[in-house]
Amino acid sequence: QVQLVESGGGLVQAGGSLSLSCAASGSFFRVNAMGWYRQAPGKQRELVAAITSGGSTNYADSVKGRFTISRDNAKNTVSLQMNSLKPEDTAVYYCNAVIDISYGFRRDYWGQGTQVTVSS
């Protein structure tokens, strides 16, 4: 059984920093793209940042220059460093990973979500 376990998050004042981490565990063949999404109350879930197994990254325009995504392929982990946080970054953040359970069998997995609250 594959699981994504998140850590980090919490409450911070505007302008502050937080770091999120996510680890994939269980039995699988390979972890492909990993990323972070967020969902604010009353809004749809949106992509924050993503990173391929080769290290290519993609960011939402709203976080470019403030957030940095990274991964450790050996440990199957992905992290999100969030700097210069704004109240509008307040949301539940979800880790996502596209995982090959076996050759040719690929599934999308989600973490349980972690709350990030930025006070003004």
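None of the values given here were measured: they were computed from a predicted structure.

1. A word on unusual backbone geometry
A positive phi angle, close to 55°, is found at asparagine 76, a residue other than glycine. Mapped onto the secondary structure, asparagine 76 falls in the loop between strand S7 (67–72) and strand S8 (77–82). One non-glycine residue, serine 84, lies in positive phi territory at about 50°. In this structure, serine 84 sits in the loop between S8 and strand S9 (91–102). Judged by its relative accessible area of 41%, serine 84 is partly exposed.

2. Examining the packing of aromatic side chains
For the structure shown, the criterion picks out 1 aromatic pair. Consider the rings of tyrosine 37 and tryptophan 110, whose centres lie 5.0 Å apart with planes at 65°: the pair is edge-to-face. Of this pair, tyrosine 37 sits in strand S4 (residues 30–39) while tryptophan 110 is found in strand S10 (residues 105–110), placing the two residues 73 residues apart along the sequence. Note on tyrosine 37: relative accessible area 23%, which makes it partly exposed. Take tryptophan 110: its relative accessible area is 35%, and that puts it in the partly exposed class. Just above the ring of tyrosine 94 sits the side chain of arginine 45; from NZ or CZ to the centre is 3.8 Å. The ring centre of tryptophan 110 lies 4.7 Å from the NZ or CZ of arginine 45, which sits over that ring.

3. Description of the nonpolar core
Ranked by size, the top nonpolar core spans 32 residues in total, and within it Trp36, Leu80, Met82, Tyr93 and Ile99 carry the most contacts. Those elements that provide at least two residues to this core are strand S3 (18–25), S4, strand S5 (46–51), S7, S8, S9 and strand S11 (114–119). Of the residues forming this core, the biggest block, 5 residues, is contributed by S9.

4. Quick look at the environment of glycine 55
Along the chain, glycine 55 falls in the loop between S5 and strand S6 (57–59). Expressed as a C-alpha distance, the spacing of glycine 55 and asparagine 73, which sit 18 residues apart in the sequence, is 9.5 Å.

5. Some points on the pattern of salt bridges
Going through the model one piece at a time under the given rule, you end up with 6 salt bridges. The partner of aspartate 100 in a salt bridge is arginine 30, and the shortest N-O contact between them spans 3.0 Å. Taken together, the residues span a long stretch of sequence, with aspartate 100 in strand S9 and arginine 30 in strand S4 at a distance of 70 residues. Classification of arginine 30 as partly exposed rests on a relative accessible area of 38%.

What counts and how
- Counting restarts for each chain: residues are numbered from 1 in the order of the written sequence.
- Residue-level local features of this predicted model are given only where pLDDT is at least 70; pairs of side-chain atoms are given and counted only at 80 or more, and the full residue set underlies all totals for whole chains, interfaces and linings.
- Side-chain metrics in this entry use all non-hydrogen atoms of the structure; hydrogen atoms and water are not considered.
- Secondary structure elements follow DSSP: runs of H or I of four or more residues count as helices, runs of E of two or more count as strands, with numbering from the N terminus.
- Accessible area is worked out with a 1.4 Å probe on protein chains only. A residue is then buried under 20% of its type maximum, exposed over 50%, and partly exposed in between.
- Each aromatic pair joins two rings of Phe, Tyr and Trp (for Trp, the six-membered one) with centres within 6.5 Å, and gets the label stacked for planes under 30 degrees apart, edge-to-face for over 60, and tilted for any other angle.
- Whether a charge lies above a ring is judged from NZ of Lys or CZ of Arg, which has to be within 6 Å of the ring centre and within 35 degrees of the ring normal.
- We define the nonpolar core as a collection of buried residues of types Ala, Val, Leu, Ile, Met, Phe, Trp, Tyr and Cys that are connected through side-chain atoms lying within 4.5 Å of one another.
- Think of a salt bridge as a Lys or Arg side-chain nitrogen and an Asp or Glu carboxyl oxygen that are within 4 Å of each other.

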